Amino acid sequence: MEESFRFKEPTETLLSEERVFRPLPEIVVEANISPKDYKKALEKGQRDLEGFWEEAAEKLEWFKKWDRVLDESHAPFYRWFVGAKCNIVYNALDRHIKSFRKNKVAIIWQGEPLGEKKKLTYYELYRRVNQFASVLKSLGLKKGDRVAIYMPNLLQTAIAMLGCAKIGVIHTVIHSGFSAIALKKRVNDAKARVIVTSDGAYWNGKIINLKKAVDEAIIECPSVEHVIVVKRTGEPIDMSDGRYLWWDDLMEGASEECETEILDAEHPLYILYTSGTTGEPKGVLHVHGGYMVGVYRTLKWVFDLKETDIYWCAADIGWVTGHSCLLYGPLLCGATTLMYEGHPLCPKADRLWQIVDKFGVNILYTAPTTIRMLMRFGAELPRRHHLKTLRLLGTVGEPINPEAWLWYYENVGRERCPIMDTWWQTETGMFMITPFPISLLKPGSVAKPFPAIHVEIVDREGNPIPQGKGGFLVIKRPWPAMFRTLWGDPDGYKKYWEIIPGNVYTTGDVARKDEDGYFWIQGRADDIMKIAGHCIGTADVENAFFSHPAVAEAACISIPDSIKGEVAKVFVVLKKGYKPTDELDRELRQYVQKELGPIAIIKSIEFVKNIPKTSSGKIMRRVLKSKELGLDPGDLTTLAD
Ligand code: WT7
C-alpha cells in the first residue's frame, strides 16, 4: 500500500460537473430525517461524537447497557459500547418476533430461473435460524469458532450467517465466484471448522459446480471437519467423503428453539476477506455491537426505510454490501429485503426492471458497473417497464461517472428518485460519505460525510489540502461499525493508521472537496498517474471517455514515459454498432483531449472486447498494467470469469 502514497502534491481536477438536482418536495416532506434534523445531526456529530452514537444505540435492544460509549485507550484498537452485552441477531430477528412484525415478510428470495421465488416472514426466518444454530451446536461448534460460507444468494446463505451469529460463531462468507485456490486460502486463514456450500449455483443461465471447488480446496484444508451441502441445482455430486453432510438432513431433526447467545458488544461477528484490486486477501473483522449500531443508523436514514417498503440491494452476499445492506441492515430496521440469486442479464437485460415491477420494489441499490453494463443495451429496456414503485436509488463500489448517473436517474428513476451515491469500504462497515434523500445532488459526487464522520483531505504529511484540489481521503475520528482488526494480522491493521501522520485512518482513496463541501472520489491512490508533474486520477480520464457516445467501458492505466514520467493508456470497449477504426481512434482522442485539457496526455487507445474486473465489478488496472509492461500480475484469484 505504502508505495502508492508517493504523491505529495494535490491532484488536478480535469472535469467539472455543474449540474445539480433537487429532491422532489414529497420526498423531503416524508423523509425519515428532515432537513432540520439533518442539520442538527451534523452539528451534534461534530460536537459530541459519543453522544451522537449513544442516541443511535438507544434505538436497539441490549442485554446490558454500556459503561462507556468509546474507549480510545488502546488506539487504533478502539472499543465501542464497552461493557455492553448484546447480539445482532436479537435485534435483527428476536426483537421483531415480539412485535407487529412477526408475520411481516423479512426476505423475498427470487431465484435466477424465472418463477422460482420464496418468501420468509420474520417468524419463519427466526425458526429456521434457530434450527441452523442448533445444527451447529450439535456438530460441536462453540462461540468464537469459524464457519466458512461459500454460496450464492440463497435463503440458506442468510440463514447460515444469522445462525452463526446467533450463537457467537464467526462467519466468513466467501464469494461463490471465487476459485478453489481463493477458497482454500481464506478457509485456512480463518481456520474454519465447517464449510457451508451448495451442490451448484445458477449464474447467467449456466450452472456453476461449487461443490467441485470445495472438493478441490478441502484436500488442503486441515481445519475443516464438516461440509454442509445445500441442494440447489440437483447436480450429481460425490458425497462419499465422511465430512460431507446434507443441509436438509441436518435441519430436519434440529430444534426450532435455540437461545440467542448473550455476547460482549466487542464479540466478533464476521471476517470478510477483501483484496479488492491489489495483493493478498485481508481478513477484515467486524463485531456485534458497534457494527449493528452503525449499520442500523446509516441505512435507516440514507435509504429512508419505511415500514411498508420493499427494499432491494442487488449485491452479492459475498461482499460487505451484501452483509450490511442486503442482510443485517434491513433486518435491523425490520424491513422487507429482496434477495436475487442471479445475473442481471438473465434471461434478458431487463431482468432487474422486471423484478422491480414484479415485487413493487421501492428502493434499489446497485453498482456503477451494473448500470454501465445495462446502459449498453439501451434505454428502451427500462422504458418498457413501469418502475413506478421506485422512490429511491442507490449506487456503491466505485466512482459513478456522470453519464451513468444521469442514465440511471432519467431512465430508471424517471427523474423522481434521488440517487444515494454511498461511499464506504469493507473496513468501514457502514456508509461514510453519502447524500441523504433530502440532499441536493451532483452527479458523480458522494456529497457529504455522514453525521459524526470526521473526514479530511490531506497530503502525505497530513496537512489539509486546499479545497478544490485532490488529496488523500482520511478519517480522523473512529466510528462504531469500523473494523476492529485484520484477522491474525494486528500489525496490518495498525498500518492503516500509520501511513499518514496524525492518527488518522487512511482510506487509500484520493478525493477532492468542492466549494459546497461536496466530495468527489477520484479513485484509489494506486490509480493516480503522474503526468508531466501533474497528479491525475484515472477516473477523470475514464469519465471523459464515458461521456463519448461510442464508449461502453473504459479503463485507464499509466505507463512510464522517458519525458513525461508517465502517460495514460486507455482500454476501450465500444457500444453496439461502433467499429474500432483509426478514424474513431482519432475522433476519441480529439474529443477527450478537449474534455480533459492538455495535461492529461493520452499515449494510446486500445479497443478491447472486455476489461478485467474483480467479481465485484472493480476494474483490475493492475492486470492491464502488468500485461502492458510484461510484469507478473500477482494474485488473480479475485478476477471474475
Ligand atoms: C472502495 C472500497 C463498500 C461497498 C463495496 C466496496 C470504492 C466504494 C464508492 C463510491 C466512489 C467508491 C472506493 C473504496 N468505492 N464506494 N460511492 N464512489 N468510490 O467495498 O471492496 O471494500 O471497496 O470502493 O475506492 O475505497 P470495497
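Residues numbered from 1 in each chain as written. Predicted model: local features only at pLDDT ≥ 70, side-chain atom pairs only at ≥ 80, totals over all residues. Heavy atoms only, no water.

A separate point is the packing of helix α4 (residues 88-97) against helix α5 (residues 122-138). Remark: α4 packs on α5, axes separated minimally by 9 Å, with the N-to-C direction vectors making an angle of 120 degrees. Here α4 is positioned oblique relative to α5, judged by the angle of their axes. For the element pair α4 and α5, the recorded crossing hand is left-handed. For the pair α4 and α5, contact is made by Ala 92, Leu 93, Asp 94, His 96 and Ile 97 and by Tyr 122, Tyr 123, Leu 125, Tyr 126 and Val 129, respectively. (Axes fitted to C-alpha atoms, helices over the stretch in contact; angles between N-to-C directions. Helix = DSSP H or I, 4+ residues; strand = E, 2+ residues; numbered from the N terminus. Parallel < 35°, antiparallel > 145°, perpendicular 65-115°, else oblique. Left-handed = near helix turned anticlockwise from the far one by under 90°. Contact = heavy atoms within 4.5 Å.)

This next bit is on the sheet that holds strand β19 (residues 392-395). Strand pairing in a sheet is mediated by backbone hydrogen bonds. Such pairs are either parallel or antiparallel. Strands sit in the order β5-β4-β17-β16-β18-β19-β20 across an open sheet of seven strands; the sheet is mixed. A strand with exactly one partner marks an edge of an open sheet, and here the two such strands are β5 (117-121) and β20 (419-421). Between one strand axis and the next, the sheet turns through 20 degrees on average, direction left out of account. In this structure, β19 lies alongside β20, joined through three bridges in parallel fashion. Bridge assignment links Thr 395 to a residue of β20, and that residue is Asp 421. The strands touched by helix α12 (residues 351-359) are β4 (105-110), β5, β16 (310-313), β17 (336-340) and β18 (363-366); relative to β4, the strand with the most contacts, the crossing angle is about 145 degrees. (Pairing = 2+ DSSP bridges.)

Surrounding the ligand, one finds 17 residues, the nearest of these being Asp 421, Thr 422, Gln 425, Thr 426 and Arg 524. The side chain of Asp 421 places a nitrogen or oxygen atom 2.7 Å from a nitrogen atom of the ligand. In this structure, Lys 618 approaches the ligand through a side-chain N or O atom, which is 3.1 Å from an oxygen atom. Within the residue set of the shell around the ligand, elements represented by two or more residues are α11 (320-332) and β27 (519-524). Tallied by class, the residues present in the shell around the ligand amount to seven nonpolar, five polar and five charged. (Near = heavy atom within 4 Å. Polar contact = N/O pair within 3.5 Å; in protein donor to acceptor, adjacent residues only side chain to side chain. Nonpolar A, V, L, I, M, F, W, Y, C, P; charged D, E, K, R; others polar.)

Moving on, we come to α5. Its 17 residues give α5 an end-to-end C-alpha distance of 24 Å, which sits within 8% of 24 Å, the value for a rise of 1.5 Å per residue. Within α5 the residues assigned to the buried category are Tyr 122, Leu 125, Tyr 126, Val 129, Asn 130, Gln 131, Phe 132, Ala 133, Ser 134, Val 135 and Leu 136. Positive phi shows up at Gly 140, right after α5, with a value of about 95 degrees. (Expected span 1.5 Å × (residues − 1). Buried < 20%, exposed > 50% of the residue type's maximum accessible area, 1.4 Å probe, protein only.)

Within the structure shown, the criterion is met by 36 aromatic pairs. With centroids separated by 6.1 Å and ring planes inclined at 45 degrees, the aromatic side chains of Trp 80 and Phe 81 adopt a geometry described as tilted. Of the two residues examined, Trp 80 and Phe 81, each falls in the buried class. On the numbers, 5.4 Å between centres and 55 degrees between planes, the contact of Trp 497 with Tyr 505 is tilted. Through a chain of ring-to-ring contacts, the aromatic side chains of Phe 77, Tyr 78, Trp 479, Phe 483, Tyr 493, Tyr 496, Trp 497 and Tyr 505 assemble into a single cluster. The positively charged end of Lys 231 is found above the aromatic ring belonging to Trp 246, 4.8 Å away from the centroid. (Phe/Tyr/Trp six-rings, centres within 6.5 Å; stacked < 30°, edge-to-face > 60°. Lys NZ or Arg CZ within 6 Å of the ring centre and 35° of its normal.)

Strand order in this open sheet of four strands is β23-β24-β26-β27, and the pairing throughout is antiparallel. Only two strands of the sheet have a single neighbouring strand rather than two, namely β23 (455-458) and β27. Neighbour-to-neighbour, the strand axes of the sheet open up by a mean angle of 45 degrees, direction not taken into account. The pairing of β23 with strand β24 (residues 470-475) spans four bridges and is antiparallel. Paired with Val 458 across the two strands is Phe 472, which belongs to β24.

Turning next to the confidence of the model for the protein. With 97% of its residues at a pLDDT of 70 or more, the protein has an overall mean of 93. Scored as a complex, the prediction yields pTM 0.90 and ipTM 0.99. (pLDDT = per-residue confidence, 0-100.)

Before going further, it helps to examine helix α10 (residues 288-302). Since the α-helix packs 3.6 residues into each turn, any two residues three or four apart lie on the same face. Over its 15 residues, α10 runs 21 Å from end to end, which matches the ideal 21 Å to within 8%, given 1.5 Å per residue. For α10, the buried fraction is high: 14 of the 15 residues fall into the buried class. Looking at the residues trailing α10, positive phi occurs at Asp 304, about 55 degrees.

Take the UniProt feature "domain: AMP-binding enzyme C-terminal" (unreviewed entry) in the protein next. Mapped onto this structure's residue numbering, the UniProt feature "domain: AMP-binding enzyme C-terminal" (unreviewed entry) falls at residues 541-618. Helix makes up 27% of residues 541-618 and strand 35%, with an end-to-end C-alpha separation of 16 Å. (UniProt positions renumbered as here; feature names shortened; annotations may be inferred.)

Moving on: the domain arrangement of the protein. What the domain assignment lists for the protein is domain 1 (122-264) and domain 2 (532-629). Here the C-alpha centroids of domain 1 and domain 2 sit 42 Å apart. (Domains from an automatic or database assignment.)

Time to look at the pattern of salt bridges. Side chains bearing opposite charge may pair, as long as their charged atoms lie close to each other. Applying the stated criterion across every chain, the model contains 37 salt bridges. Taking the shortest distance from any N to any O, the salt bridge between Lys 64 and Asp 67 comes out at 3.7 Å. Under the relative-accessibility criterion, Asp 67 is labelled exposed at 61%. Two residues, Glu 116 and Arg 232, come together in a salt bridge whose shortest N-O distance is 3.0 Å. Taken together, the residues Glu 116 in the loop between β4 and β5 and Arg 232 in the loop between β11 (226-230) and β12 (244-246) connect sequence positions 116 residues apart. (Salt bridge = Lys/Arg side-chain N within 4 Å of Asp/Glu carboxyl O.)

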